[in-house]
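Okay, here's what each chain looks like letter by letter:
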Amino acid sequence: MLASKSLKLGTQAIRGLSRGLLFSYLFSVLRMLIIVFIVSRFSKPVAQATITRRKQYVQGGELFSTTATSSADVENEEKKKISVTFVDKDGEETQIKVPIGMSMLEAAHENDIELEGACEGSLACSTCHVIVMDVEQYNKLEDPTDEENDMLDLAFGLTETSRLGCQVIAKPELDGLRLALPAATRNFAVDGFKPKPH
Amino acid sequence: MLINTTNLNISYDYPFHFNGGLALFFRQKTLNPKSDFHSSKALCQRSSMAIFGAMIARAYSSAATRSLRVCVVGSGPAGFYTAEKMLKAHEEAEVDIIDRLPTPFGLVRSGVAPDHPETKIVINQFSRVAHNERCSFFGNVSLGSSISLSELRQIYHVVVLAYGAESDRVLGIPGEDLSGVHSAREFVWWYNGHPDFNQFSPDLKNTDTAIVLGQGNVALDVARILLRPPAELATTDIASHALAALRESSIRKVYLVGRRGPAQAACTAKELREILAIKHLYVNIKQADLQITSADEEEMKSNRIRRRVFDLLSKASSSNQTRPSSGQRELHFTFFRKPDKFLESNDKSGHVACVNFEKTALKGSAGSGNQIAAGTGEYEDLKCGLVLKSIGYKSIPVDGLPFDHSKGVVPNIGGRVLSSRDVDQLEDGLYVCGWLKRGPTGIIATNLYDAEETVGSISEDLKKRGPTSKFASPKPGREGLLQLLENRNIQVVTFSDWEKIDSEERRHGSLSGKPREKLTNWKYLLELTTK
């Protein structure tokens, strides 16, 4: 359908040219370019498709990704969103805005941050393990439940300020939260990994 | 609408080709439009097609770039995490996951207990991997019988073995082959509807007592399934033949027996908490067993899991009632007992009637720092009609695969297979991941880090070899595998075939209020996928 449509526009443009109507020619070309670009936006090349681990709630595609907002908007959004920084195992930092009430796991997935979530937030695994980098921020969090502690028992690279990302819910007091993703892969020992002393 | 792209030079450089198309278009201006109207129309058509063709080519350009053919043997967590990481790390990789069962996901489907549905949610992530364009699942393909390891290594650049551990450690004591003595693995496969075990039929009606040897999470799983009121299991995905047998079961007492003490119990807090919370269950833990020594304290100091488990056991011991009320189900934690022999019933029917235990005491072990159980020469009998041994799984070797029989794993360094345990020589293009690599321990998530290590080794090796290595020359890969299997008349089950099985199971399940009704008959499973 698209080929015939562009063909139609193309021939219209040619006709416009032969009648010396430059404007209609330029307008047709512009229209075709717009259509082509919009279609290319929606058909993401499969060879480059990354394997996403997003849940249903994420609106896929580049058009909807959340990125840092301009400074003018920050004041308005602080009431509804907090700023959270994820630091990956190589030290690379990514700052995102997290709406109040959203878990860190959900927020990480919405922003393409590599945080595993095998059980999708049901407290049945330890793959969303994050380390709260500041002790004061850690203390602001509610104590983990027995169920969360049971799962934290099994987390790799466990520290004194470790939590499960799916259980840390954004609230205003946590603005500026810094979370480190565990460098577990560096510590993994094939002959039987044991969690660090707690 | 047929797009003739043979005249066009398809490159993956999208903007260039788009401009190329536009250039064709703009060239019209210089020609005489009136006289060249028909040819300019054709040219216009071609230029539009060129632009459109560039978009299509871009979208479907992956075929030519799949130069790295990878085969993963085993579709459990180790297999799927390895596939996921390989696909992510190498855009040129095409990964085929094979499994001897027609159903994927390994122990997530056949090992995780039916009353633990949240643990199975990871299947969603694995399904997304299987749906990746560069990934395929082929079920009903068995390494060793459908295809040999050497054939796989000829067809693929990289072979990763992640087929886990489908056998058991043995005690090696008299009476182990009496009827009524089973491994926990068989019992778990039976209640989880594994197609190899739908005829297993353990006898749950000849006795009221079962002994489970071992105190790890698998031991707790089987004890819990035996003790849970069947009505609670009726809304899970437990196999229907198992539910029927459990409804008629006369077992009311289960002993969980460990060689060492409560400070060394191998289970984890969540599972322990769960079994202690079963309604109307009488739990017996002897106070005397909870006396810990300074060596125990030392062990627990650096181990958060052991500490919390010990605390739970202590609390359960002090809070329990002094004796069970009549008709109440009982769970006994028995410590410091090592099985010495299984005794047959008096009528010599070949059935187990009693387990003879030797009492143990803990001794420091010079090497590991962990205490071991040493026999004291005192013996004790425990009567029972069913024994489930939960003392560990063991991997099975295949032809052409180096194997360490004492440890039950494939000798390897960081996932690269060694030619033999002592020789420091690597098997080219052969890797391991999961239980086959590190032994049958850990949780599902352990494989995440394990796969990362193995894929890291593969990536390093690929980089080292360069363009003249064996990795550079093309291999038949998926096409070669499918051709070979077709020649051998082996029916391959694809992922969309599995989805047919999956929706059939869920449809059946919804009729009886279960999340799914597992299909356990091999023949039926394969027939379903040919429809």
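Along each chain, residues carry numbers from 1 onward, in the same order as the chain's sequence is written. In the order they appear in the text, chains get letters beginning with A and ligands get numbers beginning with 1. Residues qualify for local features only when their pLDDT is at least 70, as the model is predicted, and side-chain atom pairs are given and counted only at 80 or more; totals for whole chains, interfaces and linings, by contrast, use all residues. Side-chain descriptors were evaluated using all non-hydrogen atoms of the structure, hydrogens and water having been removed beforehand.

Right, let's get into the overall build of chain A. Comment: elements are numbered from the N terminus, with helices defined as DSSP H or I runs of at least four residues and strands as E runs of at least two. Along its length, chain A carries seven helices and five strands. The cut-offs for exposure are 20% and 50% of the maximum accessible area for each residue type, with area from a 1.4 Å probe on protein chains only; residues under the lower value are buried, those over the upper are exposed, and the others partly exposed. Looking at the 198 residues of chain A, the share that counts as buried comes to 43%. Accessible areas in this description were obtained via Shrake-Rupley with a 1.4 Å probe; residue shielding takes into account the shown protein chains only. Summed over its atoms, the accessible surface of chain A is roughly 10,700 Å², and 54% of this surface lies on carbon and sulfur atoms.

All names here are of chain B. Taking strand neighbours across the sheet as the criterion, the six strands line up as E6-E14-E7-E8-E10-E9 in an open arrangement whose pairing is parallel. At either margin of the open sheet sits one strand with a lone partner, and together these are strand E6 (181–183) and strand E9 (281–285). Each strand of the sheet is rotated relative to its neighbour by a mean of 20°, with strand direction disregarded. Only when DSSP finds a minimum of two bridges between them are two strands counted as paired. Pairing of E6 with strand E14 (residues 386–389) involves three bridges; the strand directions are parallel. Among the inter-strand pairings, Val 181 is bridged to a residue of E14, identified as Val 387. Against the sheet, helix H9 (residues 217–227) engages strand E7 (209–213), strand E8 (253–257), E9, strand E10 (329–334) and E14, with an angle of about 175° to E8. Axes here mean lines fitted to C-alpha atoms, for a helix over just the part in contact, with angles spanning 0 to 180 degrees between N-to-C directions. Should any heavy atoms of two residues lie within 4.5 Å, those residues are considered in contact.

Residues and elements named next belong to chain B. UniProt positions are given in the numbering used here, feature names are shortened, and annotations may be inferred rather than shown by experiment. The UniProt record marks Gln 215, Gly 216, Asn 217, Val 218, Arg 259, Arg 260, Glu 271 and Gly 442 with the feature "binding site: NADP(+)" (unreviewed entry), using the residue numbering of this structure. Following the sequence through the fold, Val 218 ends up in helix H9. On the accessibility criterion, Val 218 (26% relative accessible area) is partly exposed. Contact partners of Val 218, with chain neighbours within four places excluded, come to Ala 184, Val 188, Ser 390 and Tyr 393.

Patches here are clusters of residues that have more than 30% relative accessible area and form no salt bridge, with a 9 Å joining cutoff for like charges and a 5 Å cutoff for nonpolar side chains (Val, Leu, Ile, Met, Phe, Trp, Tyr). Salt bridge, as used here: a side-chain nitrogen of Lys or Arg that lies within 4 Å of a carboxyl oxygen of Asp or Glu. Where nonpolar side chains cluster on the molecular surface, the patch consists of Leu 30, Ile 34 and Ile 38 of chain A and spans about 280 Å² of accessible area. Among the structural elements, Ile 34 of chain A can be located in helix H2 (residues 22–42).

Another aspect to go through is the pattern of salt bridges. All names here are of chain B. For the structure shown, the criterion picks out 50 salt bridges over all chains. Two residues, Glu 151 and Arg 488, come together in a salt bridge whose shortest N-O distance is 2.5 Å. On the criterion of sequence distance, the pair formed by Glu 151 in helix H7 (residues 149–155) and Arg 488 in the loop between helix H17 (477–487) and helix H18 (495–511) is long-range, its members being 337 residues apart. Relative accessible area serves as the criterion here: at 37%, Arg 488 is assigned to the partly exposed category. For Glu 232, the salt bridge is made with Lys 279, and the minimal N-O distance between the two is 3.9 Å. Pair noted here: Glu 232 is in helix H10 (residues 230–233) and Lys 279 is in the loop between helix H12 (269–276) and E9, with a separation of 47 residues, a long-range link. Look at the salt bridges and you will find they share partners, linking Arg 66, Arg 69, Glu 94, Asp 96, Glu 133, Arg 478 and Glu 479 into a network.

Below, the discussion takes up the side chain of Ser 83 of chain A. Residues and elements named next belong to chain A. By the element assignment, Ser 83 lies in strand E1 (residues 81–87). Contacts described as polar in this section are N or O atom pairs within 3.5 Å, which, within protein, must combine one atom able to donate a hydrogen with one able to accept it, while residues neighboring in sequence count only if both atoms come from side chains. In terms of polar contacts, Ser 83 uses its side chain to reach the side chain of Gln 95, at 3.0 Å. Look past the residues within four positions of Ser 83 in its chain and what remains in contact with it is Gln 95, Ile 96, Lys 97, Leu 174, Asp 175, Gly 176 and Leu 177.

Turning our eyes to something else, we now look at the sheet that holds strand E2 (residues 93–99) of chain A. All names here are of chain A. The strand order across the open sheet built from five strands is E2-E1-E5-E3-E4, with neighbouring strands paired in mixed fashion. Because the sheet does not close on itself, it has two edges, and the strands there are E2 and strand E4 (162–164). With strand direction ignored, the average angle separating the axes of adjacent strands in the sheet is 35°. Where strand E3 (residues 129–132) and E4 come together, three bridges link them in antiparallel fashion. Among the inter-strand pairings, Val 130 is bridged to a residue of E4, identified as Arg 163.

Let's shift gears to the side chain of Lys 514 of chain B. Relative to the helices and strands, Lys 514 of chain B resides in the loop between H18 and helix H19 (522–530). In this structure, Lys 514 of chain B is in contact with Ala 234, Thr 235, Thr 236, Asp 237, Ile 238, Ala 239, Ser 240 and Gly 509 of chain B, ignoring residues within four places of it in sequence.

On to the environment of Ile 38 of chain A. Residue and element names in this part refer to chain A. Looking at where Ile 38 falls in the secondary structure, it is placed in helix H2. On the basis of relative accessible area, Ile 38 is assigned to the partly exposed category, the value being 48%. In sequence terms Ile 38 and Tyr 138 are 100 residues apart; their C-alpha atoms lie 45 Å from each other.

Okay, the packing of aromatic side chains next. Residues and elements named next belong to chain B. Under the pairing criterion, centres of Phe, Tyr and Trp rings, with the six-membered ring standing for Trp, must be within 6.5 Å; the plane angle then separates stacked pairs below 30 degrees from edge-to-face pairs above 60, leaving the rest tilted. For the structure on display, the rule yields 15 aromatic pairs over all chains. With a centroid separation of 5.8 Å and an interplanar angle of 85°, the aromatic rings of Phe 105 and Trp 498 are classed as edge-to-face. A residue pair is termed long-range when its members are at least 10 positions apart, and Phe 105 in the loop between strand E2 (93–98) and helix H5 (107–110) and Trp 498 in helix H18 qualify at 393 residues. The burial state of Phe 105 is the same as that of Trp 498; both residues are buried. Taking the centre distance of 6.2 Å and the plane angle of 85° together, the rings of Phe 137 and Phe 495 count as edge-to-face.

Let's shift gears to the packing of H18 of chain B against H19 of chain B. All names here are of chain B. Two elements in contact, H18 and H19, have axes separated by 9 Å at closest approach and are oriented at 115°. Taken as axis vectors, H18 and H19 run roughly perpendicular relative to one another. The element H18 and its partner H19 pack so that their crossing is right-handed. Here H18 contributes Asp 497, Lys 500, Ile 501 and Glu 504 to the contact with H19, which in turn contributes Tyr 524, Leu 525, Leu 528 and Thr 529. Note on residue classes: Ala, Val, Leu, Ile, Met, Phe, Trp, Tyr, Cys and Pro are nonpolar, Asp, Glu, Lys and Arg are charged, and everything else, Gly too, is polar. Of the residues assigned to the contact of H18 with H19, the class counts are four nonpolar, one polar and three charged. Angle categories: roughly parallel below 35 degrees, roughly antiparallel above 145, roughly perpendicular from 65 to 115, and oblique for all the rest. By definition, turning the near helix anticlockwise from the far helix through less than a right angle yields a left-handed crossing, and turning it clockwise yields a right-handed one.

So, about the environment of Ile 305 of chain B. The residue Ile 305 of chain B is located in helix H14 (residues 304–319) in this model. Sequence separation between Ile 305 of chain B and Cys 267 of chain B is 38 residues, and the spatial gap between their C-alpha atoms is 8.8 Å.

All right, on to the state of the cysteines then. By definition, a disulfide is the covalent link that joins the sulfur atoms of two cysteine residues. Residue and element names in this part refer to chain B. Counting rule for disulfides: a pair of cysteine sulfur atoms within 2.5 Å. Across all of its chains, the model carries zero disulfides over all chains by this definition. The thiol of Cys 71 is not disulfide-bonded; the next cysteine sulfur, from Cys 135, is found 11 Å away. Overall, the relative accessible area of 5% leaves Cys 135 in the buried class.

Residues spaced three or four apart along an α-helix face the same direction, because each turn holds 3.6 residues. Residue and element names in this part refer to chain B. Where H17 is concerned, the buried positions are Gly 477, Arg 478, Gly 480, Leu 481, Leu 484 and Leu 485. Viewed end-on, H17 has its buried residues packed into an arc of 165°, placing them on one side of the element. Exposed and facing more than 90 degrees away from the buried side of H17 are Glu 486 and Asn 487. Of the surrounding secondary structure, the elements contacted by the buried residues of H17 are strand E1 (68–73), E2, strand E3 (135–138) and H7. Where H17 terminates, the next one or two residues include Asn 489, which has phi positive at roughly 60°. By construction, the arc corresponds to the directions joining the helix axis to the C-beta atoms.

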